Amino acid sequence: MLDRLKELERQARPLEPDEAQRRRLMERVSAYAQGFLENLEGAPAFVEDSPGERRKGLHASPLSEEGIGLDEALELIAEHVDKPGVNPASGRFLGYIPGGGLYYSALGDFLAAVANRYAGIFFASPGAVRMENMLLGWMGDLVGYPRSRGGNITSGGSIANLMGVVAARDAHEVEGEAVSRAVVYLTEHTHHSVDKALRIAGMGNCVVRRVPVDRCYRMRPEVLQQTIAADRKKGLRPWLLVAAAGSTNTGSVDPLTTLGQIAREQGLWYHVDGAYGGFFILCDEGRRKLQGIELSDSVVMDPHKTLFLPYGTGTVLVRDRATLMPSHHYTADYMQDTERAVEELSPAEVSPELTKHFRGMRLWLPLKVVGLAPFRAALEEKMLLARYFHRELQAVEGFEVGPEPDLSVVIYRYVPRRGDPDAFNERLAQALQQDGRVFVSSTRVQGKFVLRAAIVSFRTHLDDVQETIAVLRETAKALESLS
């Protein structure tokens, strides 16, 4: 047995490179990252995938007993992973909400991965838990929550919305036969992760009311009140109100103060989905737009959106942390050692996760290294760029725009002189993606096929927006001349 153990140790030795090897590996990976970043300005924002060629490329190099070395692995990544599809790191990526790639966060992730601190339980890593709780406290202060607040740094808005729904369900004791009479109020622009959360939380049979919106796609409070009153007369139980602090589809902010007052008067749990828009509260105008968010019982804010962090960084905050405990607290015999000398609440006590990545490091490091001021400036810049885009595009012949953006999402479309506008804009979206210089996405609003500009990336500046307008004008005119 001893001989076999020594042989296995020798075979496993490549898992632990020595100091010289680590230096070489780090230099090579750093050089690859630097090359990627240095070439961003000229790189396309979108490259259509070539399924046969690129799929063959990855599958032609299957996992095997013998490794291929770092250089060859990086070549595969460059050609088959980092090249095709959307390029969220580009300043001309104006398609979907996340616009991350913050270098300081990458450094934080590296440090967290090397040390591999377990951030789920205070006993295991008190420093990691203190850091995440400190960050949650900072966010709670931004929102205006009392000291009783609590929360969790999650993998994203979907899990954060799920946790908010579960907290609301358990706080209001909605279970059994009560589920089919419980009523949720939201709009057609509420993110689909809320519907998914309701189903996962066992609330798929509850009554869902899609409250109409105004011309700016914001929930109409007077209709909400009428709907609640009608539901009570039917013997239903109004339970949950979901408002948007920046909807993904249109960027609109619901009237948060008025909705919060209605929720309190009617005894509803008030959940605000600020996954996209919540951190605009850092700048003065954003704070004015988000006034009333402090009335919520729970709120979602995603640092991987408007704090520019890498994917996989969301947050749920609750007014009263005690509302998270009944749903997620647990005990296990093998964890008995961790229950000694607990100074702070552990993330595992208030979330579905037991094992979790130390996400707090990727958020804490950039905030501490560069401070808050650059983040405030970047967010105000995005709001002004969206207004600029809205103003300039409506001056381009053929384009019509939606309402002035609440935050940094603009919806618009081209109206051709002849033919179906929906079909034309679908072709326009495809042509823009084939061109690849900029990336914008499409959606449907009130049945119409429209395009969206989501100006969120910290790398998106005036030159990028001006180039986007020029590409839109050029591509639309070329398509119309062909038709």
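Note: the structure precedes this text.
Quantities reported herein were computed from a predicted structural model and do not represent experimental measurements.

Novice: I would appreciate a short explanation of the overall build of the protein chain in the present structure.
Specialist: Across its full length, the protein chain carries 17 helices and 14 strands. Radius of gyration (C-alpha) of the protein chain: 25 Å, near the 23 Å computed for a compact globule of 483 residues. Over its C-alpha atoms, taken along the principal directions, the protein chain stretches across nearly 80 × 65 × 40 Å. Sorting the 483 residues of the protein chain into buried and exposed places 50% on the buried side.

Novice: For this particular structure, what's the right way to read the side chain of Asn-161?
Specialist: Tracing the sequence through the fold places Asn-161 in helix H7 (residues 157-171). In contact with Asn-161, other than residues within four places in its own chain, are Ser-193, Val-194, Ala-197, His-271, Asp-273 and Val-300.

Novice: Would you take a moment to explain helix H10 (residues 256-266) for this structure?
Specialist: Every α-helical turn comprises 3.6 residues, leaving residues that sit three or four positions apart pointing alike. Within H10, the full set of buried residues consists of Leu-256, Leu-259, Gly-260, Ile-262 and Ala-263. For H10, the angular spread of buried residues about the axis comes to 160°, placing them on one side. Of the exposed residues in H10, the ones pointing more than 90 degrees away from its buried face are Arg-264 and Glu-265. Structurally, H10 contributes buried residues whose contacts are with helix H9 (221-233), strand E7 (237-244) and strand E8 (269-274).

Novice: What's the story with the packing of helix H16 (residues 421-435) against helix H17 (residues 462-482) in this structure? I'm lost.
Specialist: At their nearest, the axes of H16 and H17 sit 10 Å apart, and the two run at 125° to each other. When the axis of H16 is compared with that of H17, the two are oblique. For H16 against H17, the interelement crossing comes out right-handed. Of H17, the residues touching H16 (which contributes Phe-424, Arg-427, Leu-428, Ala-431, Leu-432 and Asp-435) are Val-471, Leu-472, Thr-475, Ala-476, Leu-479 and Glu-480. Taken together, the residues of the contact of H16 with H17 sort by class into eight nonpolar, one polar and three charged.

Novice: What exactly am I supposed to notice about the sheet that holds strand E14 (residues 448-454) here?
Specialist: Adjacent strands of a sheet pair through backbone hydrogen bonds, lying either parallel or antiparallel. Here we have five strands laid out as an open sheet, ordered E3-E13-E14-E12-E11, and mixed in their pairing. The open sheet terminates on both sides in strands that have one partner only, identified here as strand E3 (93-94) and strand E11 (399-401). By the bridge criterion, three bridges tie E11 to strand E12 (residues 409-414) in an arrangement that is antiparallel. Note that in E12 the partner of Val-401 across the bridge is Tyr-412. Along the sheet face, helix H15 (residues 373-393) touches E11, E12 and E14 and points at about 20° away from the line of E12. H16 rests against E11, E12, strand E13 (439-445) and E14 of the sheet, and its axis sits at about 35° to E14.

Novice: Where do I start with the environment of Lys-448 in this structure?
Specialist: Locating Lys-448 in the fold gives a position in strand E14. Separated by 23 residues in the primary sequence, Lys-448 and Asn-425 place their C-alpha atoms 9.8 Å from one another. If we ignore the near neighbours within four places in the chain, the residues touching Lys-448 are Arg-413, Asp-422 and Thr-443.

Novice: Can you walk me through the pairing of strand E5 (residues 182-186) in this structure?
Specialist: Remember that side chains alternate between the two faces of the sheet whenever the strand is regular. Across the five residues of E5, five count as buried, placing the element largely inside the fold. Of the two faces of E5, the one holding Ala-182, Val-184 and Leu-186 and the one holding Val-183 and Tyr-185 are both buried throughout. Strand direction decides the pairing type here: E5 and E7, joined by four bridges, are parallel. Residue pairing in the sheet places Ala-182 in a bridge with Arg-237 of E7. As judged from the four bridges shared by E5 and strand E6 (residues 207-210), these two strands associate in the parallel manner. Directly across from Val-184, in E6, lies its bridge partner Val-208. A crossover links E5 with its parallel partner E6, the connecting element being helix H8 (residues 192-200), and its sense is right-handed.

Novice: What is the right way to look at the pattern of salt bridges in this model?
Specialist: Close approach of charged atoms allows side chains with opposite charge to pair. Enumeration according to the criterion identifies 27 salt bridges in this entry. Between Glu-285 and Lys-289 there is a salt bridge, with its nearest N and O atoms 3.6 Å apart. Of this pair, Glu-285 and Lys-289 are both found in helix H11 (residues 284-289), four residues apart, which corresponds to roughly one turn of the helix. One continuous salt-bridge network, built from bridges that share partners, spans Glu-400, Arg-413, Asp-422 and Arg-444.

Novice: Quick question: what am I supposed to make of the side chain of Ser-408 here?
Specialist: Following the sequence through the fold, Ser-408 ends up in the loop between E11 and E12. A polar contact is formed between the side chain of Ser-408 and the side chain of Tyr-276, at a distance of 2.7 Å. Separated by 2.9 Å, the side chain of Ser-408 and the backbone oxygen of Ile-455 make a polar contact. When sequence neighbours within four positions are dropped, the list of residues in contact with Ser-408 reads Tyr-276, Phe-280, Lys-382, Ala-386, Ala-453, Ala-454, Ile-455 and Val-456.

Cut-offs used in this document
- Residues numbered from 1 in each chain as written.
- Predicted model: local features only at pLDDT ≥ 70, side-chain atom pairs only at ≥ 80, totals over all residues.
- Heavy atoms only, no water.
- Helix = DSSP H or I, 4+ residues; strand = E, 2+ residues; numbered from the N terminus.
- Rg over C-alpha atoms; globule rule 2.2 N^0.38 Å.
- Buried < 20%, exposed > 50% of the residue type's maximum accessible area, 1.4 Å probe, protein only.
- Contact = heavy atoms within 4.5 Å.
- Arc of directions from axis to C-beta.
- Axes fitted to C-alpha atoms, helices over the stretch in contact; angles between N-to-C directions.
- Parallel < 35°, antiparallel > 145°, perpendicular 65-115°, else oblique.
- Left-handed = near helix turned anticlockwise from the far one by under 90°.
- Nonpolar A, V, L, I, M, F, W, Y, C, P; charged D, E, K, R; others polar.
- Pairing = 2+ DSSP bridges.
- Right-handed = clockwise from strand over helix to strand, strands pointing away.
- Salt bridge = Lys/Arg side-chain N within 4 Å of Asp/Glu carboxyl O.
- Polar contact = N/O pair within 3.5 Å; in protein donor to acceptor, adjacent residues only side chain to side chain.

By themselves, these observations are geometric and do not establish any function.
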